Each structure stands twice: as structure tokens, then as C-alpha cells.
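Fold and contact review
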Amino acid sequence: MSIQVEGLTKHYGAQKAVDGISFTAQPGVLGFLGPNGAGKSTTMKMLTGFIPQTGGKASVCGFDTVTQTLEVRRRIGYLPESNPLYTDMYVKEALNFVAGIHQLHNPAQRINEVIEQTGLGPEQHKKIGQLSKGYRQRVGLAQAILHNPEVLILDEPTSGLDPNQLIGIRQLIRDLGAEKTVILSTHIMQEVEATCNRVIIINRGNIVADDSLGGLKAAHEHLGLEEIFIKLTNT
């Protein structure tokens, strides 16, 4: 399995943000859903080694997220919800900077490939600060996939994209999921229907559903995904 999580827990003082969750993920697109404050972003930050867990274990490509954090980070591409970018850099300059961090052997070729994949061609010579929100999201996604990681963790990757841009990025996520393990967090249920093979729903730090889209609907009298989400998290 690309990702294995066993009894993962995170406390912030007296608050239990994640409550002993367990799941696995392998190549494909896994929708990681839940209401605000459910523990989604906290879980993703623990998987990337950004924050340590309070209890339990997690591994990425066989490497422990606490004791082998550098090996984990080499194998993960992460697009956080906040999408921090160097807004004074030009698009290609920023991608060159990230390529240097990852010590890519042929950065120019890989940067051109990623610019093509993410549709950044028309904006590649602009400063990031001049870009629309949608194009900034594309830069964040380009940075996440630049080193060709085995695992991608995407937190609200389509935020700010217009309907035309959505089609291209959805297809890119599906294409990436054919070879990589992709964890996709979003509040847009159509996004999940269009891209995901499997869905995990988390509520108040606990997993309340873990199934394929078809299995989830069959288990809930063929309700729509949005209705299932509301049913499982409105407690």
C-alpha cells in the first residue's frame, strides 16, 4: 500500500482533532471528505510530516512519517489549502527554485512538461503575484507534481478555477491517479464524482464511511453523494 494509517490520533490540548483513524490508500484517487473542522487537513499534515501525530502510526511508501520524514517528503507532492507561493517570483523562476530543492537532473525539460500538464503556458512568463487565483492554484499544483512523486495530497486543488479550467484539472487528477496515489480533499461533491475511485468521509475526527462511490450509494439506498455526506456528518 502507498499509504498505511493505523490508529492515527492528534490532540490540540484537550481537543481531539483526529481520533484513532485507520485506512490504507493505493494508486487511484481517494476522495477525503468531511465538514470544516472534521480533521481532514490535520490528517493530511500528519501524512506529509508537516506536524507530528499524538498517537498511532502512518507510513508513506513504506517509510514512517515520524522517523523517516525526509524519505516521506521525497515521495509526496503536497498542495495545501493555503497554497503558499512566492508572489514576487515569475512562474518559471519559482518552478526552477522548486526543481533545485528536489535536485532534478533535467529541470528545464521537466518544468516544460509540468507547464504543459497544468495549462500554465499562457502565464509562464508572468509574476505569480499578477496571476488570477485559478492560475495560482495551477502553479501550486505544478510545484506539487514537479518531482514526479509517488503520492499526491491535494487540499482543495480546484479552488478558484472557472468551469473551463475545472475540466482540464479534473482530467489531470484522473490521469495522475492512473499511476499515483492521490488523496483529494474537497467540498465540491461533483469534483468527487468526476475524479474519485473511492471515498472516505471523516466527521469529528472519526471515519464514518470508507467505500467505493458505487458501494457507498448502494449502502445508502442510492442517495446522491451530497445527501449521503449530509446524512453522515449532520450529527
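So, here's what we can say about the structure.

Cut-offs and rules
Residues numbered from 1 in each chain as written. Predicted model: local features only at pLDDT ≥ 70, side-chain atom pairs only at ≥ 80, totals over all residues. Heavy atoms only, no water. Helix = DSSP H or I, 4+ residues; strand = E, 2+ residues; numbered from the N terminus. Rg over C-alpha atoms; globule rule 2.2 N^0.38 Å. Buried < 20%, exposed > 50% of the residue type's maximum accessible area, 1.4 Å probe, protein only. Contact = heavy atoms within 4.5 Å. Areas by Shrake-Rupley, 256 points an atom, 1.4 Å probe, with all protein chains shown as cover. Lys, Arg positive; Asp, Glu negative; His and termini not counted. Charge placed at Lys NZ, Arg CZ, Asp CG, Glu CD. Pairing = 2+ DSSP bridges. Axes fitted to C-alpha atoms, helices over the stretch in contact; angles between N-to-C directions. 1 Å grid on protein atoms, 1.4 Å probe; cavity = no way out; pocket = protein on both sides within 12 Å on 5 of 7 lines; lining within 4 Å. Points joined across faces, edges and corners; volume = space filled by probe spheres on them. Nonpolar A, V, L, I, M, F, W, Y, C, P; charged D, E, K, R; others polar.

1. Some remarks on the overall build of the chain
Within the chain, the regular secondary structure consists of nine helices and 10 strands. For a compact globule of 235 residues, the expected C-alpha radius of gyration is about 18 Å, and the chain comes in at 18 Å, within 12% of that figure. Overall size of the chain, expressed as C-alpha extent along the three principal axes, is 50 × 40 × 30 Å. Put simply, the chain has 235 residues, and 50% of those count as buried. In the chain, once contacts between residues fewer than 6 apart in sequence are set aside, the share between residues at least 24 apart is 66%. Entry remark: accessible area of the chain is about 11100 Å², with carbon and sulfur atoms responsible for 48%. Across the chain, 22 positive and 23 negative side-chain charges occur, with their mean positions spaced 4 Å apart.

2. Some words on the pairing of strand β8 (residues 181–185)
For β8, a buried count of five out of five residues is recorded, marking the element as mostly surrounded by other parts of the structure. On β8, burial covers both faces: T181, I183 and S185 on one face and V182 and L184 on the other are all buried. Inspection of the sheet shows strand β3 (residues 28–33) paired to β8 by four bridges, in the parallel sense. Directly across from V29, in β8, lies its bridge partner V182. Alignment of strand β7 (residues 151–155) against β8, held across five bridges, turns out to be parallel. For D155, the partnering residue across the bridge sits in β8 and is S185.

3. Quick look at the sheet that holds β3
In space, the six strands of this open sheet follow the order β6-β7-β8-β3-β9-β10, with mixed pairing throughout. This sheet does not close on itself; its edge strands, each paired only once, are β6 (76–79) and β10 (206–212). For this sheet, the mean inter-axis angle between neighbouring strands, taken without regard to orientation, is 15°. Pairing analysis gives six bridges linking strand β9 (residues 198–203) to β10, with the strands arranged antiparallel. Note that in β10 the partner of I200 across the bridge is D210. Each of β6 and β7 touches helix α5 (residues 133–145); the most contacted strand, β6, lies at about 165° to it. Along the sheet, helix α6 (residues 163–177) contacts β3, β7 and β8; its crossing angle with β8, the most-contacted strand, is approximately 145°.

4. Structural notes on unusual backbone geometry
Here C61, not a glycine, exhibits a phi torsion of approximately 55°, which is positive. Among the secondary structure elements, C61 is positioned in the loop between β4 (55–60) and β5 (63–64). Notably, R204 is not glycine yet its phi reads approximately 50°, a positive angle. Mapping R204 onto the fold places it in the loop between β9 and β10. According to the relative accessible area criterion, R204 is exposed, its value standing at 58%.

5. Let's talk about the side chain of E191
As for its position among the elements, E191 is in helix α7 (residues 189–195). Sequence-distant contacts of E191, that is, excluding residues within four places in its chain, are made with T158, L166, R170, L184 and T186.

6. Structural notes on the layout of surface pockets
Vacant regions in the atomic arrangement are exposed by a probe of water-molecule size rolled over the atoms. What the largest pocket holds in volume is close to 1000 Å³. Along the wall of the largest pocket there are 29 residues; nearest its centre are I76, Y78, V98, I101 and H102. Elements with a contribution of two residues or more to the lining of the largest pocket: α1 (40–47), α2 (69–74), β6, α3 (91–101) and α5. Among the elements that line the lining of the largest pocket, the one with the most residues is β6, at four residues. Each residue belonging to the lining of the largest pocket can be placed in one class, and the counts come to 14 nonpolar, 10 polar and five charged. By volume, the second largest pocket amounts to about 160 Å³. Considering the residues around the second largest pocket, the lining is formed by N36, G37, A38, G39, K40, S41, T42, E81, D155, E156, S185 and H187. When its residues are assigned to classes, the lining of the second largest pocket shows one nonpolar, seven polar and four charged.

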